[in-house]
Amino acid sequence: MVFWEGYVSDETMGTIAPIVVYWLYAGFYQLLPPLDMYRLHSRKEEEEKNSVPLVTVVKGVLFQQLVQATVAKLLFLLTSTADASGTMIQPSIPVQIVQFIIAMLVMDTWQYFVHRFMHQNKFLYRHVHSQHHRLVVPYAIGALYNHPLEGLLLDTFGGAISFLVSGMTARTAVIFFCFAVIKTVDDHCGLWLPGNIFHIFFQNNCAYHDIHHQLQGTKYNYSQPFFPIWDKILGTHMPYVLLKRPEGGFEVRLKKKD
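Residues numbered from 1 in each chain as written. Predicted model: local features only at pLDDT ≥ 70, side-chain atom pairs only at ≥ 80, totals over all residues. Heavy atoms only, no water.

Peer 1: For the overall build of the protein, give the residues involved together with the corresponding values.
Peer 2: Helix and strand counts for the protein come out as 10 helices and two strands. Secondary structure elements of the protein, listed N to C terminal, follow the sequence α-α-α-α-α-α-α-α-α-α-β-β. A globule of 258 residues ought to have a C-alpha radius of gyration of about 18 Å, and the protein, at 19 Å, matches this closely. Taken along its principal axes, the extent of the C-alpha atoms in the protein is 65 × 40 × 35 Å. With the model as given, the accessible surface of the protein reaches about 13,300 Å², and the carbon-plus-sulfur share is 68%. (Helix = DSSP H or I, 4+ residues; strand = E, 2+ residues; numbered from the N terminus. Rg over C-alpha atoms; globule rule 2.2 N^0.38 Å. Areas by Shrake-Rupley, 256 points an atom, 1.4 Å probe, with all protein chains shown as cover.)

Written out as structure tokens, the structure is:
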């Protein structure tokens, strides 16, 4: 039993909820006070280094979400196994947990190799992936600011493949897609907040990803959004140290490998 049962279908919820959750969570970060004592970059750095205005970022994210919603609706339509009454038998909680973990690993695998290829292929980097790196100083709303082709290949296809391989139902997908969205937004929030559960339970967090957005770190820390497994296996893992800045906040510095 879920709170939306009887109001909207799981398929509709799986299409709409990740978009709503994105703007609620990213909007929460956007509406926070400056919190200079927790920022990974100063506000001056954000203004000077980022080469795209907020309104352009918002438009880009909305377009990607339109594409994602269209693909999700089609995906759910083609894979629905509900009976004539519209009822879908849900697997047990342990099975759903296993499906969730499989989906996380599949998404990580897909995004690592597509992301890395977009850096290694000069044409794709120059004409596609560089759009995301115009935000040298990441912030929450810009988490899904990508070139449309990258948004389709990296995020939309990655989500679809994770859903298909894991065998999860649309109901489980609602939770998984919303969680993936929250994690992606948090990885771009640019704030090292005390007690943040994503910093506690995930090595792949906003500081880890911040290294990748720095000029000297673009060939490292490709993994997203959950675990740094592939970075560690394939030698692209770059550890970091967090240093307090005299003027407040933190600085993420590359920690040279031994």
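Peer 1: Which residues make up the UniProt feature "transmembrane region" (unreviewed entry) in the protein, and what values do they have?
Peer 2: Here the UniProt feature "transmembrane region" (unreviewed entry) sits at residues 12-32, 96-114, 135-154 and 160-182. Note that residues 135-154 is 35% helix and 0% strand, and that its end C-alpha atoms are spaced 18 Å apart. Helix makes up 87% of residues 160-182 and strand makes up 0%, while its end C-alpha atoms are separated by 17 Å. (UniProt positions renumbered as here; feature names shortened; annotations may be inferred.)

Peer 1: Outline the layout of surface pockets, listing residues and values.
Peer 2: The calculated volume of the largest pocket comes to roughly 330 Å³. Sorting the residues of the lining of the largest pocket by element identifies helix 1 (10-31) and helix 2 (43-49) as the ones contributing at least two each. For the lining of the largest pocket, the element with the highest residue contribution is helix 1, accounting for three residues. Each residue belonging to the lining of the largest pocket can be placed in one class, and the counts come to 13 nonpolar, three polar and three charged. (1 Å grid on protein atoms, 1.4 Å probe; cavity = no way out; pocket = protein on both sides within 12 Å on 5 of 7 lines; lining within 4 Å. Points joined across faces, edges and corners; volume = space filled by probe spheres on them. Nonpolar A, V, L, I, M, F, W, Y, C, P; charged D, E, K, R; others polar.)

Peer 1: Explain helix 1 to me, and be specific about the residues and the numbers.
Peer 2: Here helix 1 is 22 residues long and its end C-alpha atoms lie 30 Å apart, about the 32 Å a rise of 1.5 Å per residue gives. The largest bend in helix 1 comes to about 30°, at Ile 16, with the proline Pro 18 one to four residues further on. Here helix 1 has its buried residues at Asp 10, Met 13, Gly 14, Thr 15, Ala 17, Pro 18, Tyr 22, Tyr 25, Ala 26, Gly 27 and Tyr 29. Where helix 1 is buried, its residues touch helix 3 (54-79), helix 7 (170-187) and helix 8 (197-201). (Expected span 1.5 Å × (residues − 1). Bend = angle between axes of the 7 residues up to and from the residue. Buried < 20%, exposed > 50% of the residue type's maximum accessible area, 1.4 Å probe, protein only. Contact = heavy atoms within 4.5 Å.)

Peer 1: Can you break down the environment of Ser 9 residue by residue, with the values?
Peer 2: If you trace the backbone, Ser 9 turns up in the segment before helix 1. Since its relative accessible area comes to 33%, Ser 9 is described here as partly exposed. The spatial distance from the C-alpha of Ser 9 to the C-alpha of Ala 170 is 9.0 Å, given a sequence separation of 161 residues. Side-chain polar atoms of Ser 9 contact the side chain of Thr 12, separated by 2.9 Å. (Polar contact = N/O pair within 3.5 Å; in protein donor to acceptor, adjacent residues only side chain to side chain.)

Peer 1: If you had to explain the pattern of salt bridges to someone new, which residues and values would you point to?
Peer 2: Considering all chains together, one arrives at eight salt bridges under this definition. The residue Arg 39 makes a salt bridge to Glu 46 at a minimum N-O spacing of 2.7 Å. With a relative accessible area of 12%, Arg 39 lands in the buried category. Residue classification places Glu 46 among the partly exposed residues on the basis of a relative accessible area of 24%. The network of salt bridges with common partners includes Glu 5, Asp 10 and Arg 171. (Salt bridge = Lys/Arg side-chain N within 4 Å of Asp/Glu carboxyl O.)

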